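Per-entry structural report
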Amino acid sequence: MTGYYQEYSKFLVAVDCIIFGFDKGELRVLIGKRKLNPGCGQRSLYGGFVREDESIEEAANRVLYQLTGLDHIFMRQVGAFGNVNRDPGERVISIAYYALINVNDYSQSLQKQHEVEWVNINEIPTLYSDHNLMVKKARKMMKEKISREPISFNLLPELFTLTQLQRLYEAVNGEIVDKRNFRKRIKEMDFIEKTNKIDKTGSKRGAYLYRFNKTTYEEDPNFKL
C-alpha cells in the first residue's frame, strides 16, 4: 500500500449475492442466517468482503463458488448500496450481484453446510439491512432481461417441457401468460429445439422435452418474448 490518500476515510467494500432458482413452478431465492455481528442470526443474503488482491467481480465469483461449488454461473451486477447507516457495524458499501442456477445442480450437502434454504420470492421474510431492496431490484432487472435475452435457461434443466418454461416466465413476471400465444412464439424460435424424448411425470400421455441450442441462438440472436 502507498501513503497516498491518507487524509480520506477508509470504507469497507462487500459483495452480496442474490441467487435465484426455479423449482416446482416457483421462483426462489437462496437465503441464510448471518454468522457474525452485528445482526448475527438474522436472515440475510450470502456475501463477503472484497479482498485487497481481487476485483469486485472476482469477489462475487469467489462467494458464489464457496456457497454453491459451481463454476461459470450466470451473474450480473445489480448495483451499489451505500447508505451511510446501512450497516450498524461499520461504514460498508456493498455491490450486489444476482445469479441464476439450476437448483438440481446445487449439492444438498453444501446447502446444509452453509445452512441456507430456498425461499419463494413472494414469501421472503425481513432480511438484514437493505437485502430486501437488493432482491427487489434484482428481480426487476431479471424481469426486464428475460424478455430480451435467453437467460431463463440458466434456471432450467438441460431438457425441459414447454409448461416448465411457461411457468418460469410466469414466476419471474408475476403474472399469468396466455398459453396459446406463448407456445406460438416459442415455436418461432429456432434455438428452442424439440427433442424426441417425452416426460411422463405429469401425465400418462406425457409432454415433449425441449432444449436450448446456444450455437443457433448466437448465429441469430434476435430474441424477444
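Before reading further, recall that the structure is shown in the block above.
Residue numbers restart at each chain and count upward from 1, following the sequence in its written direction. With pLDDT at 70 or above as the cut-off, local features in this predicted model cover only qualifying residues; side-chain atom pairs require 80 or more to be listed or tallied, and sums for whole chains, interfaces and linings still use all residues. To get the side-chain values, all heavy atoms of the structure are used, and hydrogens and water are removed first.

1. Section: the packing of helix α3 (residues 131-146) against helix α4 (residues 162-173)
Packed helices, taken two at a time, are described by their axes: the angle between them and the distance between them. At a minimum axis separation of 9 Å, α3 and α4 run at an interaxial angle of 135 degrees. Relative to α4, the element α3 is oriented oblique. Classified by chirality, the crossing of α4 by α3 is left-handed. Across the interface between the two elements, Arg-139, Met-142, Lys-143 and Ile-146 of α3 pack against Tyr-169, Ala-171, Val-172 and Asn-173 of α4. Of the residues belonging to the contact of α3 with α4, the class tally is 5 nonpolar, 1 polar and 2 charged. The convention used is that axes are lines fitted to C-alpha atoms, helices contributing only their stretch in contact, and that angles between N-to-C directions extend from 0 to 180 degrees. Numbering of helices and strands runs from the N terminus, with a helix taken as a DSSP run of H or I at least four residues long and a strand as a DSSP run of E at least two residues long. Relative orientations are named as follows: roughly parallel for angles under 35 degrees, roughly antiparallel for angles over 145 degrees, roughly perpendicular for angles from 65 to 115 degrees, and oblique for any other angle. By the definition used in this description, the sense in which the near helix is turned from the far one sets the handedness, with an anticlockwise turn below a right angle giving left-handed and a clockwise turn giving right-handed. Any two residues having at least one pair of non-hydrogen atoms within 4.5 Å are treated as being in contact. When residues are sorted by character, Ala, Val, Leu, Ile, Met, Phe, Trp, Tyr, Cys and Pro go into the nonpolar class, Asp, Glu, Lys and Arg into the charged class, and all the rest, Gly among them, into the polar class.

2. Description of the side chain of Gln-166
As for its placement among the helices and strands, Gln-166 is situated in helix α4. On the accessibility criterion, Gln-166 (5% relative accessible area) is buried. With a 1.4 Å probe rolled over the protein chains alone, any residue whose accessible area is under 20% of its type maximum counts as buried; one over 50% counts as exposed, and the rest are partly exposed.

3. Considering the packing of aromatic side chains
Aromatic pairing here means that ring centres of Phe, Tyr or Trp (its six-membered ring) are within 6.5 Å. Orientation follows from the plane angle: under 30 degrees is stacked, over 60 is edge-to-face, and everything else is tilted. Applying the stated rule across the entire model yields 10 aromatic pairs. Centre to centre, the rings of Phe-20 and Tyr-98 are 6.2 Å apart; their planes meet at 70 degrees, and the pair counts as edge-to-face. Taken as a pair, Phe-20 in strand β1 (residues 12-23) and Tyr-98 in strand β6 (residues 92-100) lie far apart in primary sequence, 78 residues in all. Judged by relative accessible area, which is 0%, Phe-20 ranks as buried. Given the relative accessible area of 0%, Tyr-98 is considered buried. Ring centres 6.2 Å apart and planes at 55 degrees place the aromatic pair Phe-74 and Tyr-98 in the tilted group.

4. Let's talk about the packing of α4 against helix α5 (residues 179-187)
Direction vectors running N to C along α4 and α5 enclose 110 degrees, while the axes themselves pass 11 Å from each other. Of the possible angle classes, the one that applies to α4 and α5 is roughly perpendicular. The handedness of the crossing between α4 and α5 is right-handed. Taking contact as the criterion, the partners of Leu-162, Thr-163, Leu-165, Gln-166 and Tyr-169 in α4 are, on α5, Lys-179, Phe-182, Arg-183 and Ile-186. Looking at side-chain class alone, the contact of α4 with α5 contains 5 nonpolar, 2 polar and 2 charged residues.

5. Considering the nonpolar core
The biggest cluster of nonpolar side chains holds 41 residues, and the ones touching the most others in it are Ile-18, Phe-20, Val-29, Tyr-98, Leu-165 and Ile-192. Every element with two or more residues in this core is listed here: β1, β2 (26-33), β5 (74-81), β6, α3, α4 and α5. The biggest single contributor to this core is α4, with 6 residues. If we ignore the near neighbours within four places in the chain, the residues touching Tyr-98 are Ile-18, Phe-20, Phe-74, Met-75, Arg-76, Val-78, Ala-138, Met-141, Met-142, Lys-145 and Ile-151. Formed by 20 residues, the second largest nonpolar core is a distinct cluster that contains Ala-60, Leu-64, Ile-95 and Tyr-106. For the purposes of this section, nonpolar cores are sets of buried Ala, Val, Leu, Ile, Met, Phe, Trp, Tyr and Cys residues that join through side-chain atoms within 4.5 Å.

6. Comments concerning the pattern of salt bridges
The rule for a salt bridge is simple: a side-chain nitrogen of Lys or Arg has to be within 4 Å of a carboxyl oxygen of Asp or Glu. This model, assessed by the stated rule, comprises 11 salt bridges. The partner of Asp-23 in a salt bridge is Arg-28, and the shortest N-O contact between them spans 3.8 Å. We classify Asp-23 as partly exposed; its relative accessible area is 22%. Taking the shortest distance from any N to any O, the salt bridge between Arg-43 and Glu-117 comes out at 3.4 Å. Of this pair, Arg-43 sits in strand β3 (residues 43-44) while Glu-117 sits in strand β7 (residues 117-120); the two residues are 74 residues apart in sequence, bridging distant segments of the chain. The partly exposed category is assigned to Arg-43, whose relative accessible area is 29%.

These figures come from the coordinates and say nothing about function on their own.
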